[in-house]
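Descriptive analysis of the structure
Residues per chain, in single letters:
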Amino acid sequence: MVYGLHETLEVHELSAFKAVCLTKSKTMQALIFDPTLKAILQQDVDLSTRQLQELGTLLDRAISQEVKP
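Residues numbered from 1 in each chain as written. Predicted model: local features only at pLDDT ≥ 70, side-chain atom pairs only at ≥ 80, totals over all residues. Heavy atoms only, no water.

A count of helices and strands for the chain gives two helices and zero strands. For 69 residues, the compact-globule estimate of 2.2 N^0.38 gives 11 Å, and the chain exceeds it by more than 25% at 16 Å. Projected onto the principal axes, the alpha-carbon positions of the chain cover approximately 55 × 15 × 15 Å. Residues classed as buried in the chain amount to 20% of the 69 residues present. Here the analysis covers contacts within the chain between residues at least 6 apart in sequence; of these, 67% occur between residues at least 24 apart. Taken as a whole, the chain presents about 5400 Å² of accessible surface, with 65% of it coming from carbon and sulfur. (Helix = DSSP H or I, 4+ residues; strand = E, 2+ residues; numbered from the N terminus. Rg over C-alpha atoms; globule rule 2.2 N^0.38 Å. Buried < 20%, exposed > 50% of the residue type's maximum accessible area, 1.4 Å probe, protein only. Contact = heavy atoms within 4.5 Å. Areas by Shrake-Rupley, 256 points an atom, 1.4 Å probe, with all protein chains shown as cover.)

On the secondary structure map, serine 25 appears in helix α1 (residues 5-31). Residue classification places serine 25 among the buried positions, given a relative accessible area of 7%. Contacts of serine 25, omitting those with residues within four sequence positions, involve Leu41, Asp44 and Val45.

As structure tokens, then:
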């Protein structure tokens, strides 16, 4: 599948947003004492990490398509 430039930029924007969310969740874990809330934040960290890996794969594919004529 060939990705358009606007699609690549959208995925890049989503990746940046998820990275900020991941950073915030990890930071907040150190400040929270409630075990239930810590567990929720840990689930968010795990999910965000997987999502960033998937978005990274999409970006790699899009970049490799741009290099080929």
